[in-house]
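Remarks on the overall topology
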Amino acid sequence: MDVLSVLKCRLEIVDDSVSSKELVDRIVALGPREEPLHLVELDTVVKRHYDWLRHLPRVRPFYAIKSNDDASIVETTLLLGCGYDCASKAECERVLGFGVDRERIIFAQPAKTIESLVYAREKGLRTVFDSEYELWKIHQYYPEAEVLIRYRFDSRKAKINLGVKFGCEPDKEACRLLDLAKKLGINVVGWCFNVGSGCSDPEIFYEAIEAGRRITDYATSIGYSFSMIDLGGGFPGDKDVNFQIYAVHINRALEEFFPDGQGWTVIAEPGRYYCAAALTSVIPVHGKRVFRSADSSARIEKVFYYFNDGIYGTFYSAKYRNQPVKPIIWKKRNDCGPMHKTFLFGPTCDGNDVFAADISLPELNVSDYVVFESQGAYSRVHSCRFNGFCLPKSIVFVRKSVWNLLDSVSSEDNLDRTILGSKYLQRNNKIEKLVFE
Ligand SMILES: Cc1ncc(COP(=O)(O)O)c(C=O)c1O
């Protein structure tokens, strides 16, 4: 079966007029389940893709599959013609298994196992390095590799700093590594950086690209001829974020430092941007514990609620990756109790399994629902079956006009779909209709 037919089996096509709120109501109407439920709206992924093409026409998106590898989301990105940023051999295998051309993959792992490096060689994948040891390994196990040097350029306004782990310093260290690469005869074709995941600092992209220009100039001075630049991830994903401002800074930097028409291939590795807002977690309260003051007033001091989902399901990032949840109480307004100090717990025995602590919420009852928007990034990918609890289950919807669009894009076979996306955009202004929020 082709990707479109497989995807069709996973989802329900709904009318364009159906709102996100109505879809949440439909999930709530299913009643409490053993497994946590995820409402997935593929429209959001498609809309994000076209916003990307519209605002960053020179930058090809290589979806960071690590952020959400749910089948329906991956298949949608396949139909849209994204490239892929893969972190491991398994991710490369999965993407290649879909028939994606190796040119549309970046194996963006700076510290690869020997086995995965040998695999990358077998498949002819482009990869990255940030240390002498990786260069020596590449020299030994994949000497003909095309590689990018990853330099560090951290935003102080990112949810997750990646520079603490990966990326050489962009000045002397980068030059030293390029010298060694040259000595070893390694084919460095460009550079990449990652400003940090969930970066709320669009200007940093300008500065990071400017640093890339200096590295490019040094590389040229020692005989390299760079052709590829990779802007990494870090783009915002939550609902209602202003992506355009990121594009303004990036386009300005590209124009200034890597003008169009000079043969640059420009890619980026957005993860959160594509998937975060596509997923809403919809979960019922299944347990409640009320703590009252010891004095005669019996005032409520705090309330604990227990859910079928926690840090071992959807909410690892809420606790450990700087993504605090914003609970939406899903019941009629006039049915809400008074506000209390509140703690939200997952189902496991682990005392750490608390994904919101000391927040203020109206009092809830068992079987009331709580909804968490923008939970698509770095959520279910962290989930496991600790204590035997169920993994989150996706319930997938797409609006009719978006489905028709995916259908028409997928029928134009044997074309580079990233380019096709842009062509489609220019050819058919109907895309403007894809604004559902
Ligand atoms: C190498 C690399 N590229 C891209 C990403 C995606 O980042 P984001 O989801 O913030 O776009 C990550 C995230 O950890 C990463 O490590």
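Here the structure is a predicted model, which means the values were calculated and not measured.

Next up on the list: the overall build of the protein. Counting its secondary structure elements, the protein contains 14 helices and 19 strands. Relative to the compact-globule value of 22 Å for 437 residues, the protein shows a C-alpha radius of gyration of 23 Å, a close match. Referenced to the eigenvectors of the C-alpha coordinate spread, the extents of the protein come out at roughly 80 × 50 × 40 Å. Taken over 437 residues, the protein has a buried fraction of 55%. The long-range fraction of contacts in the protein, counting pairs at least 24 apart against all pairs at least 6 apart in sequence, stands at 72%. Surface summary for the protein: the accessible area is close to 19,000 Å², and the carbon and sulfur share equals 48%. Once the 57 positive and 59 negative side-chain charges of the protein are each reduced to a mean point, those two points are 2 Å apart.

A few words now on the site of the ligand. Around the ligand sit 15 residues in total, of which Ser197, Glu269, Gly271, Arg272 and Tyr378 are the nearest. Between an oxygen atom of the ligand and a main-chain N or O atom of Gly271, the distance comes to 2.9 Å. When the ligand sits alone it has 390 Å² of accessible area, and the protein chains cover 93% of it. Within the shell around the ligand, the residues separate by chemical class into 4 nonpolar, 6 polar and 5 charged.

This next bit is on the nonpolar core. Formed by 93 residues in total, the largest nonpolar core has its most connected members in Trp191 and Ile209. Both domains that furnish three or more residues to this core are identified here as domain 1 (7-39 + 277-397) and domain 2 (42-276). Setting aside residues no more than four positions away along its own chain, Ile209 makes contact with Tyr151, Trp191, Phe193, Leu231, Ile250, Ala253, Leu254, Phe257 and Phe258.

Below, the discussion takes up the packing of aromatic side chains. Enumeration over the complete set of coordinates arrives at 27 aromatic pairs. Where Phe304 meets Phe345, the ring centres are 4.7 Å apart and the plane angle is 55°; that geometry is what we call tilted. With Phe304 in strand E14 (residues 300-307) and Phe345 in strand E16 (residues 339-345), the pair connects residues that are 41 residues apart, well separated along the chain. This pair shows no difference in class: Phe304 is buried, exactly as Phe345 is. Measuring from centroid to centroid gives 5.8 Å for Phe355 and Phe372, while their planes differ by 70°, and the two rings are edge-to-face. Of this pair, Phe355 sits in strand E17 (residues 354-362) while Phe372 sits in strand E18 (residues 369-372); the two residues are 17 residues apart in sequence, bridging distant segments of the chain. Accessibility assignment for this pair places Phe355 and Phe372 in one class, buried. Of note, Lys182 hangs over the ring of Tyr224, and the distance from its end group to the ring centre comes to 4.4 Å. In this structure, Lys302 packs its charged tip against the face of Phe343, placed 5.9 Å from the ring centre.

Glancing now at the pattern of salt bridges. By the definition in use, this model includes 26 salt bridges. The salt bridge partner of Asp69 is Arg380, with a shortest N-O separation of 2.9 Å. Residue Asp69 is located in the loop between strand E3 (59-64) and helix H4 (71-80), and its partner Arg380 is located in the loop between E18 and strand E19 (393-399); the two are separated by 311 residues in the primary sequence. According to the relative accessible area criterion, Asp69 is partly exposed, its value standing at 31%.

Split into domains, the protein comes out as domain 1 (7-39 + 277-397) and domain 2 (42-276). Computed over C-alpha atoms, the centres of domain 1 and domain 2 are 34 Å apart. Opposite the 20 residues of domain 1 that make contact, domain 2 presents 26 residues. Carbon and sulfur atoms make up 51% of the surface buried where domain 1 meets domain 2, a total of about 2,000 Å² over both sides. Counting across the interface, domain 1 meets domain 2 through 17 residue pairs in polar contact (both at pLDDT 80 or more). Contributing elements (two or more residues each) for the side of domain 1 that touches domain 2: helix H1 (3-10) and E19. Ranked by residues supplied to the side of domain 1 that touches domain 2, first place goes to E19 with 3 residues. Within the side of domain 1 that touches domain 2, the residues separate by chemical class into 10 nonpolar, 6 polar and 4 charged.

With respect to the helices and strands, the residue Lys112 is situated in the loop between strand E5 (105-107) and helix H6 (114-123). Of the polar contacts made by the side chain of Lys112, one reaches the side chain of Glu134; its length is 2.9 Å. Excluding its chain neighbours within four sequence positions, the residues that come into contact with Lys112 are Phe107, Leu117, Thr127, Val128, Glu134 and Lys137.

Rules behind the numbers
Residues numbered from 1 in each chain as written. Predicted model: local features only at pLDDT ≥ 70, side-chain atom pairs only at ≥ 80, totals over all residues. Heavy atoms only, no water. Helix = DSSP H or I, 4+ residues; strand = E, 2+ residues; numbered from the N terminus. Rg over C-alpha atoms; globule rule 2.2 N^0.38 Å. Buried < 20%, exposed > 50% of the residue type's maximum accessible area, 1.4 Å probe, protein only. Contact = heavy atoms within 4.5 Å. Areas by Shrake-Rupley, 256 points an atom, 1.4 Å probe, with all protein chains shown as cover. Lys, Arg positive; Asp, Glu negative; His and termini not counted. Charge placed at Lys NZ, Arg CZ, Asp CG, Glu CD. Near = heavy atom within 4 Å. Polar contact = N/O pair within 3.5 Å; in protein donor to acceptor, adjacent residues only side chain to side chain. Nonpolar A, V, L, I, M, F, W, Y, C, P; charged D, E, K, R; others polar. Core = buried A, V, L, I, M, F, W, Y, C linked by side-chain atoms within 4.5 Å. Domains from an automatic or database assignment. Phe/Tyr/Trp six-rings, centres within 6.5 Å; stacked < 30°, edge-to-face > 60°. Lys NZ or Arg CZ within 6 Å of the ring centre and 35° of its normal. Salt bridge = Lys/Arg side-chain N within 4 Å of Asp/Glu carboxyl O. Buried area = accessible area lost by both parts, 1.4 Å probe.

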